[in-house]
Amino acid sequence: MNQTKEQKEVTKFIAKQSVLLLKMMDGYLNENFEVKSKNSSEEALQRWRKLCGVVKNHKRRFRFTANLSKRGEAAAMRRTNQKKLRIAVLVSKAAVQFIQSVQLTDYKVPEEVKAGGFQICGDELGCIVEGHDVKKFRYHGGVNGIAEKLSTSTTEGLNGDSELLNRRQQIYGINKFTESESTSFWVFVWEAFQDMTLMILGVCAIVSLLVGIATEGWPKGAHDGLGIVASILLVVFVTATSDYRQSLQFKDLDKEKKKISIQVTRNGYRQKMSIYELLPGDIVHLAIGDQVPADGLFVSGFSVLIDESSLTGESEPVMVNYENPFLLSGTKVQDGSCKMLVTSVGMRTQWGKLMATLSEGGDDETPLQVKLNGVATIIGKIGLFFAVVTFAVLVQGLVSQKLQLGSLSSWNGDDALQLLEFFAVAVTIVVVAVPEGLPLAVTLSLAFAMKKMMNDKALVRHLAACETMGSATTICSDKTGTLTTNHMTVVKTCFCMKSMEVSNNKASGLCSELPESAVKLLLQSIFNNTGGEVVVNQNGKREILGTPTEAAILEYGLSLGGDFQGERQSCKLIKVEPFNSTKKKMSVVVELPDGGLRAHCKGASEIILAACDKVLNSNGEVVPLDKESTNHLEATINQFASEALRTLCLAYVELENGFSPEDPIPVSGYTCIGVVGIKDPVRPGVKESVAVCRSAGITVRMVTGDNINTAKAIAKECGILTDDGIAIEGPEFREKSEEELLELIPKIQVMARSSPLDKHTLVKHLRTTFGEVVAVTGDGTNDAPALHEADIGLAMGIAGTEVAKESADVIILDDNFSTIVTVAKWGRSVYINIQKFVQFQLTVNVVALIVNFTSACLTGTAPLTAVQLLWVNMIMDTLGALALATEPPNDELMKRSPVGRKGNFISNVMWRNILGQSLYQFMVIWFLQSRGKSIFLLDGPNSDLVLNTLIFNSFVFCQVFNEINSREMEKINVFKGILDNYVFVGVISATVFFQIVIVEYLGTFANTTPLTLPQWFFCLFVGFLGMPIAARLKKIPV
């Protein structure tokens, strides 16, 4: 009876101390183990690493965290490159002044290059471009001379013959940078052996073997030692297998991240090609937002501005033209478009060398990884303290026993073995108490989710985005291509003040309804003022290249009977200002066949119309744009927009006073040709996906550059714009004061005619002022700041530029809004799966720790041996993570409110479940320890062994059923969908199977003995009883 009171007192004490400990733990974690989901400072990353005091295996614990030393090397290399390139630019500028007075010595072509059919080597090409060497550039005959020496054509591109390409590849190399070799399985085995506690246990096992064989002979004396060795090997190989599989998944995902395509001319045909297939001599087509894929030379183009900050550190963009033709790999096209001749690829470029170093730096660790490293550190320190105390108590018990027997001065082999066993138990308490698997479970769950999300058309570029997306409270989505299909067609027009509907069989008939002069002017505008192109592909069929908007207008021009090539050849392009999301227009200046100059402009209808002061009337004559005509055109634009059509206005101006390419294209004085209405249907399933977001507590906002009426019509069709929501235009949003924005922003559901800066401002306010977790979609170069600012940047895989993709955390491969909702669902799944695993593992930690400690203190023995604790450790660590961290998402996840920015990861619900289950398991084991022998009528020399086997078996089955309980933290039905997760079923089945084998057949090594049927039934019942107790716990409000 006294022992029962003692147990109750200990239980109360433990419960009180646990609550106090939890509060202290939360404060400590928030203070020291807090990092941002992206762009964390190096100081924050270093701080938590220094605080991880108790780490069993450094290599394994920190495998999936950023390598800060490698990042330092990459930063130093970048600084060196920046200095070299800045000097090269200055030298090239100075060289231009002396180019005429200095003669170069003759360049000698290496024999192997000459034998390959080329007249210039890779090193010489590298010196020209990387060194901005104008002298050598001129010496080799400029772009055309170098193209000739590379056996290529600036118009037709390379010959696609495979033998010729292979020869070129052997001489000049491939466009890939050196990557670290794949880590073999045996390296993971070796790293798993680096676990300090396993190494200590290994030494204990060897000593146990030697002492056991010396005292008891072979094989009886070897059983304990061999049991520990076998357990260590099992733990190591299971751990290594799990880690190896994770590394393979990440390698596959890295390959997907690096799949970049670019437009290339080969064999006279323009085609899409992987950047890794590029070779010197290729002709690459670059447009705004592209990353330059290799070193090269400018062939032709307009208004090309290059952002070289990634290499030189200079924030000012560089103008690339015939005078400064050098293009460097890794830089970005900020404006304009051009053709480029590739000169150097792969590791021959500075970017290749830099990327080879950067790739070894790794991704930043995620907030959950860091937080769980903190949890592991705290519990590890507690476990270490308990282990030391346990060892001291056990040794004190042995010494007291020897004092009573009067044999303190005489120690034999049995005493040494017992001391060794005490030490092994203490070490194994550390093995179980340090939850090394917590941060690694995050990586396992993220790797699993990333692989599955890839199948769902979402490519995760940064690990943290997976878990952050689960907390998202707001999605700011583009309209075109995300909410709509991006398959555009011109369905309505208004030319010469006449509104007309367009259909496939009626398009050509429109020519008869319009004056011939107006049709000619219209076709000239369509085919010259475009970022697209009409080409003949390899199959001999006509193909339209360019954005969906450009393709729709070109298709319309062709349907009118226009000739793209004929129109382009009859006029000469003098200057091009490509479309961008700030100006919302595209302009060109052309020289007409008669020598006259004309500027064409197209873009956002209101902006272009405001620049016009004349219009073509019904006879095709130019007349002043009076108020009546303006009202008619504005009404037409609004009517088209209200029908969810995208409207573009086309205009021109005669340049009678001449024009120089250095002059800006006029911004006023235009003559309005007319307006086109382009249909871009809403994607199927978008309305349902928006409804799912709303039920999940996620607000969807549309941010678009389109007309406000078009935006509102689409938003209503998608279910985004509601009766209490606000639609606002970017210019109006910009004029609001801070106080007005505070009241306005929560109500904004649609922002039209927005600039990239408007999107950035909206995102920043939502994140900082309102504490929202914001996901933002983007496809253009100018979207990069908003993607960077957002908690989760989502770039479009099809319509998105390389600049946008590089700034994003997730790439939506099919540009579909429904995929964004899938990403949110997976994000929630990752977050909750890790919570389930943490709940399960902390329960095992708490119970195993307290049982062995209290038992050692009160009885002088530990009921769970080293081998048994190693098996328990494997159940809760590697196998537990596999089972719980890989649960697939279900639709119920999207019916919960988001966690948001302030949510505690280890929630009150989890603590309730952990403490409740721990208390139950602790009481069961104590009950067995105190009353087990009398209940099961155990007597004789074997009674302690049977009782300890019962305790071990009951403990394991408590974990098996608790693992099933952990599938749901709040719902009582934990069996729903259990058969859909074959990994979970496999882990539970394997655990039960091996538990039976350990108890019934491996007793010699595991310190167990076969149990009777009633004893087995009791163990199962005790484990199962945890389920109704868990159900009752879930009804306790917290």
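Shown above is the structure to which this text applies.
Note that this is a predicted model, so its numbers are computed, not measured.

(A) Focus on the sheet that holds strand 26 (residues 810-812). Strand order in the open sheet formed by eight strands is 8-26-25-24-9-21-23-22, and the pairing between neighbours is mixed. Unpaired on one side and paired on the other, strand 8 (458-460) and strand 22 (726-729) mark the two borders of the sheet. The sheet shows a mean angle of 20 degrees between the axes of neighbouring strands, taken without regard to direction. As paired strands, strand 9 (residues 474-477) and strand 24 (residues 774-778) are joined by three bridges and run parallel to one another. Across the sheet, I475 pairs through a bridge with A775, a residue of strand 24. Against the sheet, helix 32 (residues 817-859) touches strand 8, strand 9, strand 21 (699-703), strand 24, strand 25 (792-796) and strand 26, its axis set at about 145 degrees to strand 26.

(B) Region of interest: the environment of R598. Examined against the element boundaries, R598 turns out to sit in strand 16 (residues 597-604). Considered as a pair, R598 and L655 are 57 residues apart in the sequence and their alpha carbons are 5.3 Å apart. Discounting residues that sit within four places of it in the chain, R598 has contacts with L521, Q524, V588, V589, V590, L592, Y652, V653, E654 and L655. Of the polar contacts made by the side chain of R598, one reaches the side chain of E654; its length is 2.8 Å.

(C) View of the nonpolar core. Residues M469, I792, V810, F817, V838 and L842 are the most contacted members of the largest nonpolar core, which totals 139 residues. Counting residues in each nonpolar core, the second largest holds 29 residues, with L523, L558, L650 and I673 among its members.

(D) Representation of the side chain of N981 within the structure. In this fold, N981 is placed in the loop between helix 35 (943-965) and helix 36 (982-1001). In contact with N981, not counting residues within four places along its chain, are A883, T886, E887 and P888.

(E) Molecular detail of the packing of aromatic side chains. This model, assessed by the stated rule, comprises 18 aromatic pairs. Between F922 and W926, the aromatic rings sit 5.0 Å apart at their centres with planes inclined by 45 degrees, giving tilted as the arrangement. Taken as a pair, F922 and W926 lie in helix 34 (residues 908-935) at a separation of four residues, close to a single helical turn. Owing to a relative accessible area of 5%, W926 belongs among the buried residues under this scheme.

Conventions and cut-offs
- Residues numbered from 1 in each chain as written.
- Predicted model: local features only at pLDDT ≥ 70, side-chain atom pairs only at ≥ 80, totals over all residues.
- Heavy atoms only, no water.
- Pairing = 2+ DSSP bridges.
- Helix = DSSP H or I, 4+ residues; strand = E, 2+ residues; numbered from the N terminus.
- Axes fitted to C-alpha atoms, helices over the stretch in contact; angles between N-to-C directions.
- Contact = heavy atoms within 4.5 Å.
- Polar contact = N/O pair within 3.5 Å; in protein donor to acceptor, adjacent residues only side chain to side chain.
- Core = buried A, V, L, I, M, F, W, Y, C linked by side-chain atoms within 4.5 Å.
- Buried < 20%, exposed > 50% of the residue type's maximum accessible area, 1.4 Å probe, protein only.
- Phe/Tyr/Trp six-rings, centres within 6.5 Å; stacked < 30°, edge-to-face > 60°.

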